[in-house]
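Given next are the chains, with one letter for each unit.
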Amino acid sequence: MSLLTADGRQPTALEAYLGFAQRGFQRAITYRFQFWSELVINLLYMYIYVSLWRALYAHRGAVAGYGRPQLLTYIVVSQTLITFQFTIRVWAALEQKVRTGEVAIDLMRPVDFQGMTLATACGTALHTLGTNMLPKLSLFALAGVLGRPASPLALALFPASAALGFLVLFGIEFLIGVSAFWLVEVRGLYSVVMWGTAGLFSGYFLPLEFFPRWLGAIAHALPFPAMVYTPAAIYAGSLTGMTAVTAVLGQLVWVAALFGAGRLLFGLAYRRLVVQGG
């Protein structure tokens, strides 16, 4: 992307970040086959998962505080939120840039590297939200599976919580991607962290209330529930009142911690790159 605007002047920081966001959005539009295949696969898996829980809840009342309508709502929301993990792929973009040397060009830009990466991811996420996530939520709502937000507080908190969940996801993937400065190939690390650990503890497969108490305590000590469980539980109504507000504040803490750790790790990576001569 050019460092000058159309009128030949240096762009402001905001204009630069908006430009990277636009590039992320346009790149997502380019891969139409990937978009349609992901959407169809997402819908298929969501349908199977909803059907599974409908069968498991047959002739049952509430389980772990979740009635069937509430649980199905949680499942639809959580399965939708995880879509960001399939599309932004921050770790893969950073790994490729390190492997090809393109990262050197990015480091020459007069913009913050983490901010530039976040802006690009936000552009991709905006495309995902408008063309994948909202249509899926609308479809399941029309089918009578997705209920309304559990309360006015849930309606108010859910968008903020979902946005913070996206930022937590970005923070984790940025850390994994920056590790490529040392490891070069980070696919294995990503699989362990995101599909192994996060897959279990994020609340993607089932609410954390279904976990044994000791396993739930471990989950709540990690950042992964902030990605999926917190916004989905707020929407479904299993987190209410001050508990919901406290959970959102906890997400803010995780965002600050992960972004701070990302800046620290990138600073070490940059110094390592400079010492080795680029």
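Preceding block: the structure.
Quick caveat: nothing in here was measured; it's all calculated off a predicted structure.

Peer 1: How would you sum up the side chain of K136? Please name residues and give values.
Peer 2: In this structure, K136 sits in helix α7 (residues 113-142). Beyond its immediate chain neighbours, meaning those up to four positions away, K136 contacts L39, N42, L43, M46, Q79, T80 and T83.

Peer 1: Please set out the pattern of salt bridges residue by residue, giving values where relevant.
Peer 2: Per the stated rule, a full pass over the model turns up four salt bridges. Among the ionic pairs, D112 bridges to R263, the shortest N-O distance being 2.7 Å. You can see D112 sitting in the loop between α6 (103-108) and α7 and its partner R263 sitting in helix α13 (residues 241-275), a full 151 residues away along the chain. Within this structure, K97, D106 and R109 form a network of salt bridges that share partners.

Peer 1: Account for helix α8 (residues 152-178), naming residues and giving values.
Peer 2: A rise of 1.5 Å per residue sets the reference length of α8, with its 27 residues, at 39 Å; its end C-alpha atoms lie 40 Å apart and thus fit the reference within 8%. Along its length, α8 shows its largest kink, about 35°, at F158, and proline P159 lies within four residues downstream of that point.

Peer 1: Break down the environment of A244 for me, citing the residues and quoting the values.
Peer 2: Looking at the element boundaries, A244 is found in helix α13. Once the C-alpha coordinates of A244 and A154 are considered, the two residues, 90 residues apart in sequence, prove to be 8.1 Å apart. Ignoring any residue separated from it by four or fewer positions in sequence, one finds A244 in contact with L157, I234 and L239.

What counts as what
- Residues numbered from 1 in each chain as written.
- Predicted model: local features only at pLDDT ≥ 70, side-chain atom pairs only at ≥ 80, totals over all residues.
- Heavy atoms only, no water.
- Helix = DSSP H or I, 4+ residues; strand = E, 2+ residues; numbered from the N terminus.
- Contact = heavy atoms within 4.5 Å.
- Salt bridge = Lys/Arg side-chain N within 4 Å of Asp/Glu carboxyl O.
- Expected span 1.5 Å × (residues − 1).
- Bend = angle between axes of the 7 residues up to and from the residue.

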